[in-house]
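Residue strings, one per chain:
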Amino acid sequence: QVQLVESGGGLVQPGGSLRLSCAASGRGFRINAMGWYRQAPGKQRELVALSTSGAGSKFADSVKGRFTLSRDNAKNTVDLQMNNLKPEDTAVYYCNALVSTTSAVFPYNVWGQGTQVTVSS
């Protein structure tokens, strides 16, 4: 079974920065895409940033210029550097990966458990 573990969430003041990390573990898998989603209270989960095999990195309009992705294929990790954080960035952030394995005929999505990010004075 492939698992994703997030870390790096916490409480930060507006204008501050956080770096979220996600690590994938398992056996016999390859990650086709890896990125971050978030879900605020009462809101649907939304894409924040995504790294794909062919299209590079994508960012939500609300975070462009503030967030960046760092993906390490050898280590099966992806980091989300979040700068100039705003209160509206407050949410549970989930790592996501599109995974291929030898035991599955098609790629499938794997989700992390989520890490809380709170931006508040």
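Refer to the preceding data block for the structure.
Attention in this report is confined to the structure presented alongside it. Every residue gets a number counted from 1 within its own chain, in the order that chain's sequence is written. Reporting of local features is limited, given that this is a predicted model, to residues whose pLDDT is at least 70; pairs of side-chain atoms are given and counted only at 80 or more, and all residues count toward the totals for whole chains, interfaces and linings. Think of the side-chain values as coming from all heavy atoms in the structure, minus any hydrogens and water.

### Structural notes on the overall build of the protein
Then, in step 1: Elements are defined by DSSP. Helices are runs of H or I of four residues or more, strands are runs of E of two residues or more, and each kind is numbered from the N terminus. Helices and strands together make up the secondary structure of the protein, namely 0 helices and 11 strands.
Then, in step 2: In sequence order, the protein lays out its α and β elements as β-β-β-β-β-β-β-β-β-β-β.
Then, in step 3: For the C-alpha atoms alone, the extent of the protein along its principal axes is close to 50 × 25 × 25 Å.
Then, in step 4: Across the 121 residues that make up the protein, the buried fraction comes to 41%.
Then, in step 5: Residue contacts are defined here by distance: any two heavy atoms, one from each residue, within 4.5 Å place the two residues in contact. A sequence separation of at least 24 residues applies to 57% of the contacts in the protein between residues at least 6 apart.
Then, in step 6: Areas reported here follow the Shrake-Rupley algorithm with a probe of radius 1.4 Å; residue values treat only the protein chains shown as occluding. Of the roughly 6600 Å² that the protein leaves accessible, carbon and sulfur atoms contribute 49%. A simple rule labels every residue: compare its accessible area, found with a 1.4 Å probe on the protein chains alone, to the largest value its type can have, and call it buried under 20%, exposed over 50%, or partly exposed in between.

### So, the sheet that holds strand S8 (residues 77–82)
Then, in step 1: Pairs of strands are assigned from DSSP output, requiring at least two bridges between the strands. Overall, antiparallel pairing links the 4 strands, which are arranged S1-S3-S8-S7 in an open sheet. Two strands close off the open sheet at either side, each with one partner strand: strand S1 (3–7) and strand S7 (67–72). Looking at each pair of strands side by side, their axes are set apart by 15 degrees on average, direction ignored.
Then, in step 2: As defined by bridge partners, strand S3 (residues 18–25) adjoins S8 across 6 bridges and the pair is classed as antiparallel. Comment: axis = line fitted to C-alpha atoms, over the contacting stretch for helices; angle = value between 0 and 180 degrees taken between N-to-C directions.

### Details of the pattern of salt bridges
Then, in step 1: Think of a salt bridge as a Lys or Arg side-chain nitrogen and an Asp or Glu carboxyl oxygen that are within 4 Å of each other. All chains considered together, the criterion is met by 5 salt bridges.
Then, in step 2: The salt bridge involving Arg19 is made with Asp79; its shortest N-O contact spans 3.2 Å. One end of the pair, Arg19, is in strand S3; the other, Asp79, is in strand S8, and 60 residues separate them in sequence.
Then, in step 3: Taking relative accessible area as the criterion, Arg19 reaches 37% and is therefore assigned partly exposed.
Then, in step 4: Asp79 sits in the buried class, given a relative accessible area of 16%.

### Let's talk about the nonpolar core
Then, in step 1: Residues belong to one nonpolar core when they are buried, are Ala, Val, Leu, Ile, Met, Phe, Trp, Tyr or Cys, and are joined through side-chain atoms within 4.5 Å. In this structure, Met34, Trp36, Leu80, Met82 and Tyr93 are the most contacted members of the largest nonpolar core, which totals 29 residues.
Then, in step 2: Those elements that provide at least two residues to this core are S3, strand S4 (29–39), strand S5 (46–52), S7, S8, strand S9 (91–101) and strand S11 (115–119).
Then, in step 3: If one sorts the elements of this core by residue count, S9 sits on top with 5 residues.
Then, in step 4: For Tyr93, the residues in contact, after removing those within four places along its chain, are Glu6, Leu20, Trp36, Tyr37, Arg38, Val48, Phe67, Leu80, Met82, Gly114, Thr115 and Val117.

### A look at the side chain of Ser100
Then, in step 1: For Ser100, the location among the structural elements is in strand S9.
Then, in step 2: Within the structure, the side chain of Ser100 is placed 2.7 Å from the side chain of Asn32, a separation counted as a polar contact.
Then, in step 3: Contacts of Ser100, omitting those with residues within four sequence positions, involve Gly28, Phe29, Arg30, Asn32 and Pro107. The definition of a polar contact used here is a pair of N or O atoms within 3.5 Å, where within protein one atom must be able to donate a hydrogen and the other to accept one, and adjacent residues in sequence count solely through side-chain atom pairs.

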